[in-house]
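Spelled out from the first residue to the last, the chains are:
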Amino acid sequence: QVQLQESGPGLVKPSQTLSVACTVSDGSIATTDTFWSWIRQPPGKAPEWIGYISSSGNTRYSLALKSRTTITRDTSKNQVYLALRSVTPEDTAVYYCARMSATWYYDYWGQGTQVTVTS
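The structure reproduced in this document is the subject of the present report. (Residues numbered from 1 in each chain as written. Predicted model: local features only at pLDDT ≥ 70, side-chain atom pairs only at ≥ 80, totals over all residues. Heavy atoms only, no water.)

### Here we look at the side chain of arginine 99
To keep it simple, the criterion reads: Note on conventions: DSSP H or I runs of at least 4 residues are helices, E runs of at least 2 residues are strands, and numbering of each starts at the N terminus. Buried, partly exposed and exposed residues are distinguished by accessible area as a fraction of the type maximum, computed with a 1.4 Å probe on protein chains only: under 20%, between the cut-offs, and over 50%, respectively. Throughout, a residue-residue contact means that at least one pair of heavy atoms, one from each residue, lies within 4.5 Å.
Here arginine 99 is to be found in strand E9 (residues 93-100). Take arginine 99: its relative accessible area is 14%, and that puts it in the buried class. In this view, arginine 99 contacts Val2, Leu4, Thr34, Phe35, Trp36, Tyr105, Tyr106, Asp107 and Tyr108; residues no more than four positions away in its chain are not counted.

### What to know about a nonpolar patch on the surface
Put simply, the rule is: Patch rule: a residue counts if its relative accessible area is over 30% and it has no salt bridge; like charges are joined within 9 Å, and nonpolar side chains (Val, Leu, Ile, Met, Phe, Trp, Tyr) within 5 Å. What sets the accessible areas is the Shrake-Rupley method with a 1.4 Å probe; for residues, cover comes only from the shown protein chains. We count a salt bridge whenever a side-chain nitrogen from Lys or Arg sits within 4 Å of a carboxyl oxygen from Asp or Glu.
A contiguous nonpolar patch, built from Trp49, Tyr106 and Trp109 and spanning about 280 Å² of accessible area, is present on the exposed surface. Taking relative accessible area as the criterion, tyrosine 106 reaches 30% and is therefore assigned partly exposed.

### Description of the state of the cysteines
Rules: Note that a disulfide, as used here, is simply two cysteine sulfur atoms within 2.5 Å.
A complete count under the given rule lists one disulfide for this structure. Each sulfur of the disulfide joining cysteine 22 and cysteine 97 lies 2.1 Å from the other. Handedness of the cysteine 22-cysteine 97 disulfide follows from its S-S torsion of about 70°: it is right-handed. In this pair, cysteine 22 sits in strand E3 (residues 18-25) while cysteine 97 sits in strand E9, placing the two residues 75 residues apart along the sequence.

The following block contains the structure:
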């Protein structure tokens with residue numbers, strides 16, 4: 001079964017870049033018609049979609065976060081990365097990576113990693 005594991009810094013200072021990695025096991029991020037997504041959930045709020053990178057390397061981003069977001073991948077390491085620039089305390093959230101298949105549902109999720117933006 002596909003496993004996803006996020007790793008992040010825990011704490012990030014305002015104005016810095018928030019960088020999170022997602023390591024995928026027992027499945028390939030290059031598998032046809034898969035979309036490797038980042039979703040975050042601030043405390044007490046609904047989940048928010050950040051963006052994805054597809055199996056072919058195409059990216060899409062939330063309109064709200066597009067100007068600050070870059071999603072990349074390393075197929076040799078089977079990892080997906082999120083970089084969110086110029087963070088503020090409002091970016092504090094649990095950050096998840098998740099796979100979306102051709103069913104258009106998120107069928108696999110990581111456990112999430114808490115990232116707190118504070119000085």
